[in-house]
Amino acid sequence: MRRQWLMALALSALASAGLAQRTLVFGHEGEPVNLESGNITDGVSIYAQRQIYDTLVDFKAGSTDPIPALATSWFASPDGKSWTFRLRQGVKFHDGTDFDANAVLFNVNRWWDPKDASRIQGGANYEIWGELFGGYKGTDSSFLKAVRVVDKYTIRFDFGAPLPYFPVAIGAGYFGIASPAAVKAQGAKYGTPAGGAVGTGPYRFREWRVGDRLILEKNPTFWKQGLPKTDALVMRFIKDPAARLAELKAGSIDLTIQIPPANLGAIESDRNLDPVLRPSFNVGYLALNPSYKPLSDVRVRQAIAMAINKKAIVQAFWGKLGETNGHFTPSSFKTYWSPEVTDYEYNPTKAKQLLAQAGYPNGFDLEFWYMPVSRPYFPTAKEIAEAMGADLSAIGIKVKFQTKDWATYLDDRKKAPGFQAYMLGWTGDYGDPSNFFDPHFASPITDLFDAAGKQLDVKELNALLARGSSSTNQAERIRIYQQADKIAFDLALRIPIVHSQPLLAKRKNISGWVPSPLGSESLEDVVKTNL
């Protein structure tokens, strides 16, 4: 009897070990805002959604080069004003319904058309569509003029002017294709813990435990044969970077992201861990809102830029994994950099002189908002904010630090009159400078306001960006974005603090993880083995 009991115990232990081996545990730096595709702007949510949804266009592992996904091919019309996509056949959503051109049309209309019935039901504004594509259906600013089903597996997008980068833009992680049947069935609950999410991706939704974890299971009908390579994916929400690293060392998570660069040496010296570096493709910035009187004066904004010792801060918090300059775009876009822009001079004396010229010889009070989560560009936001605040205090600016939960932080900065000064950043969605400039400087600028509380409109810059988006002449585009680079630098509305190479980490028994420069990737190729 004892022998049988011991054998049963051993078999149970083996089964548990096998189950653990087949379950990948990912330490996420926060909780998704929601799982509804097209209704997010943050990287935390994108990472979760990439596991559930596929996009029309994907990107080669570790690069920004486009490759087929739900679309097998695409081509532009001779005048560049239309893009046609041939769709993959035989793909099923997790609920068993068919993926086809009508499913794509349903999703696009939900994002683009304010009068779409499914959008009204959900009550969301799908702001990222407007930021990347000029506006919404029925508005003059909308790049898109029509979307048409050509046949069951062909769809065409018609634009008012050429949009040469549209295939890579529609491949951004915001635009996963959701099951129309699931969206209709769940209504306003879709994408929430109660309603779940249904795509065609490698993993399907099982459970969302609020404040704790997202549990996904293998999609048995995934269109990529042999993938995913694990049976389940658990995304645990661990906001504190130190706690994530501690859990990785303990083996309670298998891989994680957004580790403070100062931990690189400790990870390299741990025999159970490997450091993993994500290619740099981001910017962390300090936004200065001209709706507040001191900040409405460009001299004050430039004084702030001159008062912050960016090089010292980047050296202290990023070391060799960060660089700073005056360009809003990362070094992969050097071709588009203005030769007239280097960086803001660090000179507190000149900064104080500028403040005096603007009428603030004794400085002023400033509410300074920092993010409550760790992001690739600001892995330790509070500490970095405090370092900048110390520099500002040296020129008489008295800083009051503020923060709030991540979803509210993202939402409230866009409510007039907005935050006074705040930290945020951007990881590129695709390899075109328009993706850095348009969401941050094209009119209307949704998170910066004028003295009347209206969304900011920088007409000269907006006109340049409109030309840059539609031009098919590369030499002309270079000239346009070099001019935009110089104007953005002079305005000092968003002061670039860092372009970072994010530090990630994994256990030794994890292989197949190739981080994308775009900030998130499907974990379908990741393998977990016993050591």
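The structure we're discussing is the one just above.
These lines cover the structure that appears in this document, whether it is placed above or below.

Calculation rules
- Residues numbered from 1 in each chain as written.
- Predicted model: local features only at pLDDT ≥ 70, side-chain atom pairs only at ≥ 80, totals over all residues.
- Heavy atoms only, no water.
- Helix = DSSP H or I, 4+ residues; strand = E, 2+ residues; numbered from the N terminus.
- Buried < 20%, exposed > 50% of the residue type's maximum accessible area, 1.4 Å probe, protein only.
- Contact = heavy atoms within 4.5 Å.
- Areas by Shrake-Rupley, 256 points an atom, 1.4 Å probe, with all protein chains shown as cover.
- Lys, Arg positive; Asp, Glu negative; His and termini not counted.
- Charge placed at Lys NZ, Arg CZ, Asp CG, Glu CD.
- Pairing = 2+ DSSP bridges.
- Axes fitted to C-alpha atoms, helices over the stretch in contact; angles between N-to-C directions.
- Arc of directions from axis to C-beta.
- Parallel < 35°, antiparallel > 145°, perpendicular 65-115°, else oblique.
- Left-handed = near helix turned anticlockwise from the far one by under 90°.
- Nonpolar A, V, L, I, M, F, W, Y, C, P; charged D, E, K, R; others polar.
- Core = buried A, V, L, I, M, F, W, Y, C linked by side-chain atoms within 4.5 Å.
- Polar contact = N/O pair within 3.5 Å; in protein donor to acceptor, adjacent residues only side chain to side chain.

1. Looking at the overall build of the chain
The helix and strand inventory of the chain stands at 18 helices and 23 strands. Projected onto its principal axes, the C-alpha positions of the chain cover 90 × 60 × 40 Å. Taken across its 531 residues, the chain has 58% of its residues classed as buried. Excluding contacts between residues fewer than 6 apart, the proportion of contacts in the chain whose partners are at least 24 apart in sequence is 69%. Counting every atom, the chain has about 20900 Å² of accessible surface; 51% of that belongs to carbon and sulfur. Counting 60 positive and 54 negative side-chain charges, the chain places the centres of these two groups 3 Å from one another.

2. Description of the sheet that holds strand E21 (residues 503-507)
Across the sheet, which stays open at both edges, the seven strands sit in the order E8-E9-E10-E1-E11-E21-E12 with mixed pairing between neighbours. Here the strands that pair on one side only, and so sit at the sheet edges, are strand E8 (203-209) and strand E12 (273-277). Between one strand and the next, the sheet's axes are offset by a mean angle of 20°, whatever the strand orientation. Two elements, strand E9 (residues 213-218) and strand E10 (residues 232-237), share five bridges in a ladder whose sense is antiparallel.

3. Let's talk about helix H11 (residues 298-307)
Three or four residues apart is the spacing at which side chains of an α-helix point the same way, because the helix has 3.6 residues per turn. Where burial is concerned, most of H11 is hidden: seven out of the 10 residues are buried. On its buried face, H11 sits against strand E13 (282-288), helix H10 (293-296), helix H13 (348-357), helix H14 (381-393), helix H18 (474-491) and strand E20 (494-500).

4. Brief notes about unusual backbone geometry
Residue Pro228 is bonded to the preceding Leu227 through a cis peptide linkage, with omega at -5°. Following Ser443, the chain continues into Pro444 via a peptide bond in cis, with omega recorded as -10°. Looking at where Pro444 falls in the secondary structure, it is placed in the loop between helix H16 (434-441) and strand E18 (445-449). For Tyr126, which is not glycine, the phi dihedral falls at a positive 50°. Relative to the helices and strands, Tyr126 is located in the loop between helix H4 (117-122) and helix H5 (127-133). Given the relative accessible area of 0%, Tyr126 is considered buried. For Ala492, which is not glycine, the phi dihedral falls at a positive 55°. Among the secondary structure elements, Ala492 is positioned in the loop between H18 and E20.

5. A word on the side chain of Glu29
With respect to the helices and strands, Glu29 occurs in the loop between strand E1 (23-28) and helix H2 (43-52). Classification of Glu29 as buried rests on a relative accessible area of 1%. With sequence-adjacent residues up to four places away left out, Glu29 is seen in contact with Val44, Ile238, Lys239, Arg244, Ile257, Gln258, Val373, Ser374 and Arg375.

6. Regarding helix H8 (residues 241-250)
The set of residues buried in H8 consists of Pro241, Arg244, Leu245 and Leu248. Looking straight down H8, one finds its buried side chains confined to an arc of 95°; they lie on one side. Opposite the packed face of H8, turned more than 90 degrees from it, sit the exposed residues Ala242 and Ala250. Buried residues in H8 make contact with E1, strand E11 (255-259), helix H9 (264-268), E12 and E21. Positioned one or two residues after H8, Gly251 has a phi angle of 85°, which is positive.

7. Description of the sheet that holds strand E17 (residues 421-427)
Pairing within the open sheet is mixed, and its six strands lie in the order E14-E20-E13-E17-E15-E16. Here the strands that pair on one side only, and so sit at the sheet edges, are strand E14 (322-323) and strand E16 (398-402). As paired strands, strand E15 (residues 365-369) and E17 are joined by two bridges and run parallel to one another. By the bridge assignment, Trp369 is partnered in E17 with Tyr422. Set on the sheet, H16 makes contact with E13, E17 and E20; between it and E17 the angle comes to about 150°.

8. Overview of the packing of helix H17 (residues 459-470) against H18
Orientation of H17 relative to H18, taken along the N-to-C sense of each, is 155°, at an axis distance of 9 Å. Here H18 runs roughly antiparallel to H17, going by the angle between their axes. In this structure, H17 crosses over H18, and the sense of that crossing is left-handed. On H18, the residues that touch Glu460, Leu461, Leu464, Leu465, Arg467, Gly468 and Ser469 of H17 are Glu476, Arg477, Ile480, Tyr481, Gln483, Ala484, Ile487 and Leu491. Its residues assigned to classes, the contact of H17 with H18 comprises eight nonpolar, three polar and four charged.

9. Side note on the pairing of E20
When you tally the buried positions in E20, you get seven out of seven residues, the bulk of the element. The pairing of E13 with E20 spans four bridges and is classified as antiparallel. By the bridge assignment, Gly284 is partnered in E20 with Val498. As defined by bridge partners, E14 adjoins E20 across two bridges and the pair is classed as antiparallel.

10. Remarks on the nonpolar core
Ranked by internal contacts, the top residues of the largest apolar core, which has 152 residues, are Leu56, Phe157, Ile304 and Met423. If near-sequence neighbours (up to four positions away) are discounted, Ile304 is found in contact with Leu286, Leu288, Leu295, Phe364, Leu392, Ile397 and Ile495. Grouped together as the second largest cluster of nonpolar side chains are 14 residues, Ile215, Ile253, Ile267 and Leu321 included.

11. Details of the packing of H16 against H17
One can describe the packing of H16 onto H17 by two numbers: an axis separation of 10 Å at closest approach and a directional angle of 145°. Here the hand of the crossing between H16 and H17 comes out left-handed. Of the residues in H17, those in contact with Ser434, Phe437, Asp438 and Phe441 of H16 are Leu461, Leu465 and Ser469.

12. Concerning the side chain of Gln420
The residue Gln420 is located in the loop between helix H15 (406-412) and E17 in this model. By relative accessible area, which is 14% here, Gln420 ends up buried. Engagement of the side chain of Gln420 in a polar contact is seen with the backbone nitrogen of Glu367, the distance being 2.8 Å. Look past the residues within four positions of Gln420 in its chain and what remains in contact with it is Ala287, Leu288, Asn289, Tyr292, Leu295, Asp365, Leu366, Glu367 and Trp369.

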